Amino acid sequence: MDIYEAIQRKQDSRFAAIKAAEEKSEKLRAEIPELFDIDNALQSVSMKIMNAALTDKAHLEARLEEIKSENDRLLLKRAALLEQHGYPVDYDSPKFACPLCADTGYIGLHFCECVKKELNTDLYTSSGLGKALLDKTFENFSLKYYSGKGDGGLSDRENMTIIYNCCKRYAQRFTPSSESILMIGGTGLGKTHLSAAIAKVVLEKGYYVIYDSAQSIFDDYESVRFGKESKDIIKKYENCDLLIVDDLGAECMTQYTVAVFSALLNWRIVNSKPTIISTNLTPQQIKKNYGERVYSRLLGESLIMKFTGQDVRLQKLSEKKSDT
Ligand SMILES: [Zn+2]
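Residues numbered from 1 in each chain as written. Predicted model: local features only at pLDDT ≥ 70, side-chain atom pairs only at ≥ 80, totals over all residues. Heavy atoms only, no water.

J.: Mind showing me how you'd approach the packing of aromatic side chains here?
T.: To describe a pair of aromatic rings, you give the distance between the ring centres and the angle between the ring planes. Evaluation of the coordinates by the stated rule reveals nine aromatic pairs. Seen in terms of ring centroids, F141 and Y146 are 6.0 Å apart; in terms of plane orientation they differ by 25 degrees. Their pairing is stacked. Accessibility assignment for this pair places F141 and Y146 in one class, buried. Ring geometry for Y170 and F174: centres 6.0 Å apart, planes at 65 degrees, overall edge-to-face. Ring-pair connections join several aromatic residues into one group, and the members of that group are F138, F141, Y146 and Y164. The residue whose ring lies beneath K24 is Y91, and the NZ or CZ to ring-centre distance is 4.9 Å. The ring centre of Y256 lies 4.0 Å from the NZ or CZ of R225, which sits over that ring. (Phe/Tyr/Trp six-rings, centres within 6.5 Å; stacked < 30°, edge-to-face > 60°. Buried < 20%, exposed > 50% of the residue type's maximum accessible area, 1.4 Å probe, protein only. Lys NZ or Arg CZ within 6 Å of the ring centre and 35° of its normal.)

J.: Sorry if this is basic, but what is going on with helix α6 (residues 156-172) here?
T.: Note on helix geometry: an α-helix contains 3.6 residues per turn, so any two residues three or four positions apart are oriented the same way. Here α6 contains 17 residues, and its C-alpha end-to-end distance of 24 Å stays within 8% of the 24 Å for a straight helix at 1.5 Å per residue. Within the sequence span of α6, burial applies to D156, N159, M160, I163, Y164, C167, Y170 and A171. Each buried residue of α6 sits inside an arc of 135 degrees when the element is viewed along its axis, so together they form one side. Looking at the buried side of α6, the elements it contacts are β3 (180-184), α7 (191-204), β5 (242-248), β6 (275-279) and β7 (302-306). (Helix = DSSP H or I, 4+ residues; strand = E, 2+ residues; numbered from the N terminus. Expected span 1.5 Å × (residues − 1). Arc of directions from axis to C-beta. Contact = heavy atoms within 4.5 Å.)

J.: I'm lost on the nonpolar core in this one. Help?
T.: Where a protein is soluble and globular, its nonpolar side chains tend to be buried together. In this structure, M183, L194, I198 and L242 are the most contacted members of the largest nonpolar core, which totals 42 residues. Elements with a contribution of two residues or more to this core: α1 (3-31), α4 (113-127), α6, β3, α7, β4 (209-213) and β5. Looking at this core element by element, the count peaks at seven residues for α7. Counting only domains with at least three residues in this core, you end up with domain 1 (3-111) and domain 2 (128-323). Among all residues touching L194, those that are not within four sequence positions of it are F138, F141, I163, Y164, C167, M183 and F307. One finds I184, I217, I234 and V294 within the second-largest nonpolar core, a separate group that totals 26 residues. (Core = buried A, V, L, I, M, F, W, Y, C linked by side-chain atoms within 4.5 Å. Domains from an automatic or database assignment.)

J.: What am I meant to see in the side chain of D241 here?
T.: Along the chain, the position of D241 falls in the loop between α9 (232-239) and β5. Put simply, D241 is tucked away with no salt bridge, and the nearest opposite charge, on K273, sits 4.5 Å away. Not counting residues up to four positions away in its chain, the partners in contact with D241 are F174, P176, Y207, Y208, R268, K273 and P274. (Lys, Arg positive; Asp, Glu negative; His and termini not counted. Salt bridge = Lys/Arg side-chain N within 4 Å of Asp/Glu carboxyl O.)

J.: Mind showing me how you'd approach the coordination of the zinc ion here?
T.: Ideal values differ by geometry: the angle at a metal is 109.5 degrees with four tetrahedral donors, but 90 or 180 degrees with six octahedral donors. Every protein donor of the zinc ion is accounted for by C98 (SG), C101 (SG), C112 (SG) and C114 (SG), and the metal-donor separations fall at 2.3 Å. Around the zinc ion, the four donor atoms are arranged such that angles at the metal cover 107 to 112 degrees; this shape is classified as tetrahedral. Read from N- to C-terminus, the donor residues coordinating the zinc ion fall into the pattern C-x2-C-x10-C-x1-C. Of this pair, C101 sits in the loop between α3 (60-84) and β1 (106-107) while C114 sits in helix α4, and the two are 13 residues apart along the sequence. For C101, a relative accessible area of 6% puts it in the buried group. Its relative accessible area of 14% is what places C114 among the buried residues. (Donors = N, O, S within 2.8 Å, 3.2 Å for Na, K, Ca; no water. Tetrahedral: all angles 85-135°; square planar, octahedral: opposite > 155°, others 65-115°.)

J.: How do you make sense of the domain arrangement of the protein chain when you look at a structure like this?
T.: Put simply, an interface is often sized by how much accessible area is lost when its parts join up. In terms of domains, the protein chain is made up of domain 1 (3-111) and domain 2 (128-323). Of note, the centres of domain 1 and domain 2, computed from C-alpha atoms alone, are 53 Å apart.

Next comes the structure, spelled out in structure tokens:
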């Protein structure tokens, strides 16, 4: 859903609220005939205001004051009548889902919070960023779990600090022609956490992000191949601004998945669309499993981040155990 669909949806809900209120008013007028005159008079108040503004400019303020007190008097009389008949005073006023913008979607010239919120939750769900991933942010990524000596001259902490900063900058400066990223390293070193954090920031900037495991992407291609699904479900993998493939190498690999992955990757590279891939495989294993072509595409065209350290999930688990 894009912002215009979100606004349209708001305004549909506004229209429905107004229509429901009008139906209630009609019901009230059928039951309480005195309301006819009051409602007519109330309606003519707005006409009077317009007339005053057009014709009686000299005494505009005094005239408006007069009209306003007439309006208040009518509203009070109406409220009293409703109460007499056992209805709450706001019985037939429109019930908008968002009291801030009365379901117009706008506050002044800006989008109301409710539109942004709807857009976000909808984008999160349709992007594949489920609940489990939504709480993985840059703010709650902890570097304290990286305390090993590391390799290549950098300690784990130093290496991961560089990677962390790099990911954060990437997310903040993302454009649809940003670089691709290849995240390599063992299980539990934060690849999923940081790629989910990137996804969240890029989504919030309004880009179209798809986050999925390699397995689930291949499952979709299989479903299309066997006619179980229409081609539409795989279009998003090609068209999205940022594709994030989590855990490449954990999937059940066949000649078909290799061909699909190779074609998808190639398509995105040729069209300069960034892809973030995380994998536990070593570069040698990528070459062995996916072949020379994917290997050279992946390593040659991406920013390579080598995650180092000790499995953070295991460390957190043993922390919890010693707490209790
Ligand atoms: Zn609103």
